[in-house]
Amino acid sequence: MTIKKALDLGKIALKDVAQRPAFEAEILLSHFLKMDRVGLILNSQKEISPNILSLYIKALKNRKKHFPIEYITKKVSFYSEEFYINQRALIPRPETELLIDEVLKNVEIEKKYNIAEIGTGSGVISIILALKLKNSNFFATDISKDALEVAKKNIEKFKLTDKIVLKNCSYIDCLEEKIDILVSNPPYISNSFNLEKNVLYEPHNALFGGEKGDEILKKIIDIAIEKKVKLLACEMGYDQRESISKYCEEKGLKPKFYKDFAGFDRGFVIKIGGEDEDFKMG
């Protein structure tokens, strides 16, 4: 079978599961042929070896079952970088890039901070922040040892093993260091929420945040207050602004909310303590 015929086959096979079936077929075939998408076009009449064709067809069958394409290729793009990913960690979403942007808006880039991330998963948030905030120290925690293995691989890829300390624990219970900035994209989906088929393959402990979904977010706010963290930045569910606002009001805090690409509330930043000059709070 030629590359062109394989792509046509993939487009038909994925028409009911992918928004862009032709594009996903190209991604899968590129992955197995180790050839970029331009190469697929230039070599469209080239025959595919039986071994590669077998792998490609198997991948199409898995994708038809809504298995995420990122888990098939073991790659995910985030903040214009390519990261390793597998089923042991949550697939990073584009809207989480906004969480990083919010942190960067509110700090002095050249200053040195102790930054902790709760629930690091694949490590992408801490890694991008470490690349941007070169003078800061990072502590990334997760309760999942499996997820930390994925994060470790990504940290090694970006040569940040001397900048990011990985810790296996709940929240930041294992950290003795004074933390200036706390950041998290925690589980915030309610336990009763019906997930989309492709999301069912992702680790549930990285998705569900309790009966209402905001329980872990509130716990993180409490930790930030207790540890006298100067700045807290969290992603949240689109419908959780009211509950987070009320909880923060009870604690004497004033969160600044931000929206995602679709215009939905997606997260918040809170200045909790520290001198005014420590943060820009843009």
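Residues numbered from 1 in each chain as written. Predicted model: local features only at pLDDT ≥ 70, side-chain atom pairs only at ≥ 80, totals over all residues. Heavy atoms only, no water.

Help me understand the pairing of strand β3 (residues 114-118) in this model?
Burial within β3 is extensive, with 5 of its 5 residues counted as buried. Burial along β3 is two-sided: Asn114, Ala116 and Ile118 and Ile115 and Glu117, pointing in opposite directions, are all buried. Looking at chain direction, β3 and strand β4 (residues 137-142) are connected through 5 bridges and run parallel. Pairing of Ile118 across the sheet is with Thr141, part of β4. Each parallel crossover has a hand, and for β3 linked through helix α7 (residues 124-132) to β4 it is right-handed. (Buried < 20%, exposed > 50% of the residue type's maximum accessible area, 1.4 Å probe, protein only. Helix = DSSP H or I, 4+ residues; strand = E, 2+ residues; numbered from the N terminus. Pairing = 2+ DSSP bridges. Right-handed = clockwise from strand over helix to strand, strands pointing away.)

Mind showing me how you'd approach helix α10 (residues 241-250) here?
Helical geometry note: an α-helix holds 3.6 residues per turn, so side chains three or four residues apart project in the same direction. Every buried residue of α10 is listed here: Ile244, Tyr247 and Cys248. Down the axis of α10, the smallest arc covering the buried residues is 95 degrees, so these residues share one side. Of the residues in α10, the exposed ones pointing more than 90 degrees away from the buried face are Glu242, Lys246, Glu249 and Glu250. (Arc of directions from axis to C-beta.)

Looking at this structure, how should I read the packing of aromatic side chains?
The geometry of an aromatic ring pair is captured by two quantities: the separation of the ring centres and the angle between the planes. For the structure shown, the criterion picks out 7 aromatic pairs. Ring geometry for Phe67 versus Tyr201: centroids 5.1 Å apart, planes at 85 degrees, classification edge-to-face. Residue Phe67 is found in the loop between α4 (50-64) and α5 (69-73), and its partner Tyr201 is found in the loop between β7 (189-190) and β8 (208-210); the two are separated by 134 residues along the sequence. With relative accessibility at 29%, the residue Tyr201 sits in the partly exposed group. (Phe/Tyr/Trp six-rings, centres within 6.5 Å; stacked < 30°, edge-to-face > 60°.)

Which parts of the structure should I look at to understand the state of the cysteines?
Formally, a disulfide is one covalent bond, and it connects the sulfur atom of one cysteine to the sulfur atom of another. Inspection of the entire model under this criterion finds 1 disulfide. A disulfide bridge connects Cys169 with Cys174, and the sulfur atoms are separated by 2.1 Å. On the S-S bond that ties Cys169 to Cys174, the torsion sits near -45 degrees, and the link is left-handed. On the accessibility criterion, Cys174 (27% relative accessible area) is partly exposed. The thiol sulfur of Cys234 is not disulfide-bonded, and the nearest other cysteine sulfur, from Cys248, lies at 9.3 Å. For Cys234, a relative accessible area of 0% puts it in the buried group. (Disulfide = S-S within 2.5 Å.)

Hey, could you run me through the pattern of salt bridges in this one?
Under the defined criterion, the tally for this structure stands at 13 salt bridges. In this structure, Lys152 and Glu156 form a salt bridge, with 2.7 Å as the shortest nitrogen-oxygen distance. Here the residue Lys152 and the residue Glu156 both occupy positions in helix α8 (residues 145-157), the gap between them amounting to 4 residues, near one helical turn. You can call Lys152 partly exposed: its relative accessible area is 40%. (Salt bridge = Lys/Arg side-chain N within 4 Å of Asp/Glu carboxyl O.)

Looking at this structure, how should I read the packing of helix α1 (residues 3-13) against helix α2 (residues 21-33)?
A pair of packed helices is captured by two measures, namely the crossing angle of their axes and the spacing between those axes. Between α1 and α2, the shortest axis-to-axis distance is 8 Å and the interhelical angle comes to 130 degrees. Considered as vectors, α1 and α2 are oriented oblique to each other. As for how α1 packs across α2, the hand of that crossing is right-handed. Contacts between α1 and α2 pair Ile3, Ala6, Leu7, Gly10 and Lys11 from the former with Pro21, Ala22, Ala25, Glu26, Leu29 and Leu33 from the latter. For the contact of α1 with α2, the per-class residue count stands at 8 nonpolar, 1 polar and 2 charged. (Axes fitted to C-alpha atoms, helices over the stretch in contact; angles between N-to-C directions. Parallel < 35°, antiparallel > 145°, perpendicular 65-115°, else oblique. Left-handed = near helix turned anticlockwise from the far one by under 90°. Contact = heavy atoms within 4.5 Å. Nonpolar A, V, L, I, M, F, W, Y, C, P; charged D, E, K, R; others polar.)

What is the right way to look at the nonpolar core in this model?
Considering soluble globular proteins, one finds that nonpolar side chains tend to be buried as a cluster. Tyr56 and Leu129 are the most contacted members of the largest nonpolar core, which totals 59 residues. With 6 residues, α7 is the single largest residue contributor to this core. Apart from residues lying up to four places away in sequence, Leu129 is in contact with Ile100, Val103, Leu104, Phe138 and Val183. In terms of nonpolar packing, the next biggest core, distinct from the first, is built from 26 residues, Ala116, Leu175, Ile216 and Val229 among them. (Core = buried A, V, L, I, M, F, W, Y, C linked by side-chain atoms within 4.5 Å.)

How should I be thinking about α7 in this particular structure?
Counting buried positions along α7 yields 7 of 9 residues, so the element is predominantly enclosed. Within α7, burial applies to Val124, Ile125, Ser126, Ile127, Ile128, Leu129 and Ala130.

Help me understand the side chain of Arg266 in this model?
By the secondary structure assignment, Arg266 is in strand β11 (residues 265-271). Residue class for Arg266 comes out buried when judged on its relative accessible area of 10%. A polar atom in the side chain of Arg266 sits 3.4 Å from the side chain of Tyr188. Apart from the residues lying within four places of it in its own chain, the contact partners of Arg266 are Glu95, Tyr188, Cys234, Glu235, Met236, Gly237, Tyr238, Tyr258, Lys259 and Asp260. (Polar contact = N/O pair within 3.5 Å; in protein donor to acceptor, adjacent residues only side chain to side chain.)

Is there a simple way to explain the sheet that holds strand β5 (residues 164-168) in this structure?
In a beta sheet, neighbouring strands pair by backbone hydrogen bonds and run either parallel or antiparallel. Ordered by their spatial adjacency, 7 strands build an open sheet running β5-β4-β3-β6-β9-β11-β10, and the pairing between neighbours is mixed. A strand with exactly one partner marks an edge of an open sheet, and here the two such strands are β5 and β10 (256-259). Geometrically, the sheet is characterised by an average inter-axis angle of 15 degrees between neighbouring strands, direction not taken into account. In this structure, strand β6 (residues 181-184) lies alongside strand β9 (residues 231-235), joined through 4 bridges in parallel fashion. When the bridges of β9 are listed, Ile181 appears paired with Leu231. Relative to β5, α8 is tilted by about 170 degrees, and along the sheet it contacts β4 and β5. Sheet strands touched by α10: β10 and β11. Its angle to β10, the strand with the most contacts, is close to 165 degrees.

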